[in-house]
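This is what each chain is made of:
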Amino acid sequence: MRDVRLTASAHRQAGFALTNTQVVLASVAGTVLLAVALIAIGGPGSRRANAQSEQDVAMRLQPVGTVVVKAAAAGGGEPRTGEQLYQAACNACHGAGTLGAPKFGDAAAWGSRIKTGYDALMASATKGKNSMPARGGSDASDFELARAVVYMANKGGASFPEPKAPAAAASAAQ
Ligand code: HEC
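Since this is a predicted model, take the numbers as computed values, not measurements.

Scoring rules and cut-offs
Residues numbered from 1 in each chain as written. Predicted model: local features only at pLDDT ≥ 70, side-chain atom pairs only at ≥ 80, totals over all residues. Helix = DSSP H or I, 4+ residues; strand = E, 2+ residues; numbered from the N terminus. Contact = placed C-beta atoms within 7 Å. Near = placed C-beta within 6 Å. Nonpolar A, V, L, I, M, F, W, Y, C, P; charged D, E, K, R; others polar. Buried ≥ 20, exposed ≤ 12 C-beta atoms within 10 Å, placed from the backbone. pLDDT = per-residue confidence, 0-100. Core = buried A, V, L, I, M, F, W, Y, C linked by C-beta atoms within 7 Å. Axes fitted to C-alpha atoms, helices over the stretch in contact; angles between N-to-C directions. Parallel < 35°, antiparallel > 145°, perpendicular 65-115°, else oblique. Left-handed = near helix turned anticlockwise from the far one by under 90°.

Peer 1: Kindly report on the overall build of the chain, identifying the contributing residues and their values.
Peer 2: Helix and strand content of the chain: six helices and zero strands. When the helices and strands of the chain are read in sequence order from the N terminus, they spell out α-α-α-α-α-α. Counting only contacts in the chain whose residues sit at least 6 apart along the sequence, the fraction spanning at least 24 positions is 59%.

Next comes the structure, spelled out in structure tokens:
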């Protein structure tokens, strides 16, 4: 009988403990629900506020970004050398002779083209020729393109003079 009573009290304790757990669970659940409800109410508003402030930040940053870009263009906007443009825009095809491009430094491939003269090569480079895209698909200025053509042709056996910068050419013409 003593054993049975012990067991009963153990049950009662277990029951009590379970009830405690339930209370704790209920209050945790309540807190979570409250938090979810608060987020749901405040969420869209604060998201809109975030979007708004992101826009503000973007608008405030934009002039700075423009200034930085212009400064970079003014400071680092020196015309590229023939070698620089070649590396950036021409080597993709001319480096390995892709698409039938005359390969860089290959005198045999360049010989007959060089004979057509600088102006003809420059015309092809400017307008494009067959698989060769206009300006090699780059945004090169005429001066930069001329430098790259001369750089590449000279490495292929030509001895074209280095093109003059537009300002120098203009003042030379006066
Ligand atoms: C997408 C590949 C490609 C790129 C990039 C490219 N070329 Fe070419 N290039 C060619 C091909 C192909 C030819 C041969 C065209 C032909 O004669 O049919 C060629 C030919 C040339 C010729 C000889 C034209 C002639 O009349 O014989 C010159 C000069 C030239 N490229 C300059 C350049 C310069 C300068 C650049 C970079 C600014 C450049 N290419 C970038 C593919 C390319």
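Peer 1: Break down the site of the ligand for me, citing the residues and quoting the values.
Peer 2: In the vicinity of the ligand lie 30 residues, with Cys90, Cys93, Ser124, Met132 and Gly136 positioned nearest. Per-element accounting of the shell around the ligand gives the leading share, six residues, to helix α2 (residues 82-94). Split by residue class, the shell around the ligand holds 18 nonpolar, nine polar and three charged.

Peer 1: Any chance you could break down unusual backbone geometry for me, citing the residues and the numbers?
Peer 2: Unlike most non-glycine residues, Asn130 shows phi in positive territory, near 50°. Relative to the helices and strands, Asn130 is located in the loop between α4 (118-127) and α5 (142-155). Classification of Asn130 by C-beta neighbours within 10 Å gives exposed; the count is 9. Look at Arg135: it is not a glycine, yet its phi comes out positive at around 55°. Locating Arg135 in the fold gives a position in the loop between α4 and α5. For Arg135, a count of 20 C-beta atoms within 10 Å translates into the label buried.

Peer 1: Give a description of the confidence of the model for the chain that names residues and reports values.
Peer 2: Detail in the predicted coordinates should be disregarded across regions flagged by low pLDDT. When pLDDT is averaged along the chain, the result is 77, and 55% of the positions lie at 70 or above. Under a pLDDT of 50 for its full length, residues 6-10 has, in the predicted model, zero contacts with residues more than four places off or in other chains. Across residues 65-75 the pLDDT falls below 50, and counting only partners more than four positions away or on other chains, this stretch makes zero contacts in the model.

Peer 1: An account of the environment of His94 is needed here, citing residue identities and associated values.
Peer 2: By the secondary structure assignment, His94 is in helix α2. Judged by the 25 C-beta atoms lying within 10 Å of it, His94 is buried. Sequence-wise, His94 and Asp106 are twelve residues apart; in three dimensions their C-alpha atoms are separated by 9.8 Å. Excluding anything up to four places from it in sequence, His94 contacts Ala101, Pro102, Lys103, Phe104 and Met152.

Peer 1: Describe in detail the nonpolar core, supporting the description with residues and values.
Peer 2: Counting 18 residues, the largest nonpolar core has Cys90, Ala148, Val149 and Met152 as the members making the most contacts within it. Per-element accounting of this core gives the leading share, eight residues, to α5. Setting aside its immediate chain neighbours within four residues, Val149 contacts Leu121, Met122 and Ala125.

Peer 1: Any details on the packing of α4 against α5? Residues and values, ideally.
Peer 2: At their nearest, the axes of α4 and α5 sit 10 Å apart, and the two run at 125° to each other. Taken together, the axes of α4 and α5 lie oblique to each other. Handedness of the α4/α5 crossing: right-handed. Residues Leu121, Met122, Ala125 and Thr126 of α4 touch α5, and the partners they reach there are Leu145, Ala146, Val149 and Ala153. Among the residues making up the contact of α4 with α5, the classes are represented as seven nonpolar, one polar and no charged.

Peer 1: Explain the packing of α2 against α5 residue by residue, including any values.
Peer 2: Where α2 contacts α5, the axes come no closer than 9 Å and their chain directions differ by 70°. The pairing of α2 with α5 is recorded here as roughly perpendicular in orientation. Along this stretch, α2 crosses α5, giving a crossing that reads as right-handed. Residues Gly82, Glu83, Leu85, Tyr86, Cys90 and His94 of α2 form the contact with α5, whose own contacting residues are Glu144, Arg147, Ala148, Val150, Tyr151 and Met152. Along the lines of polarity and charge, the residues of the contact of α2 with α5 split into seven nonpolar, two polar and three charged.

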